[in-house]
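# Structural description and commentary
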Amino acid sequence: MNFSYDDTADALYIQVAGSLVSQTFQIDPGTMVDVDNFGKVVGIEVLQPARDWPLEEIKSRFEFGQHEKEILDSLWGGNPGRLYPFAKPLAVSA
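Quantities reported herein were computed from a predicted structural model and do not represent experimental measurements.

For the rest of this paragraph, the subject is the overall build of the protein chain. For the protein chain, the count of helices and strands is 2 helices and 5 strands. Ordered by position from the N terminus, the helices and strands of the protein chain form the series β-β-β-β-β-α-α. A total of 94 residues make up the protein chain; the buried ones form 38% of that total. When contacts within the protein chain are restricted to residue pairs at least 6 apart in sequence, those whose partners lie at least 24 apart make up 47%.

The following block contains the structure:
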């Protein structure tokens, strides 16, 4: 599993597998899941990853290996909005 972050776009890409992308599913306005011909997750793109994004929905709807689920849980563990080391914190207006 590889992670890349585009600071300019505030976009995180989680590469789960090295397969070719066959289809992309939009989960919410800022979360897309790429799958291969067999329906296995190739990658997840998250715009503004410091927000709450639907990781639990993604894990329940798409096919992952157990190891990949454990890695995602160890990083976000039920709190997708938790800041990953390179994510920009969301601005809070008063």
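We now examine the sheet that holds strand E5 (residues 41-47). Strands sit in the order E1-E2-E5-E4-E3 across an open sheet of 5 strands; the sheet is antiparallel. Among the strands making up the open sheet, the edge pair consists of strand E1 (2-6) and strand E3 (23-28). Neighbour-to-neighbour, the strand axes of the sheet open up by a mean angle of 15 degrees, direction not taken into account. For E3 and strand E4 (residues 31-35), the ladder comprises 5 bridges, and the chain directions are antiparallel. Note on E4: the bridge partner recorded for glutamine 23 is valine 35.

Conventions adopted
Residues numbered from 1 in each chain as written. Predicted model: local features only at pLDDT ≥ 70, side-chain atom pairs only at ≥ 80, totals over all residues. Heavy atoms only, no water. Helix = DSSP H or I, 4+ residues; strand = E, 2+ residues; numbered from the N terminus. Buried < 20%, exposed > 50% of the residue type's maximum accessible area, 1.4 Å probe, protein only. Contact = heavy atoms within 4.5 Å. Pairing = 2+ DSSP bridges. Axes fitted to C-alpha atoms, helices over the stretch in contact; angles between N-to-C directions.

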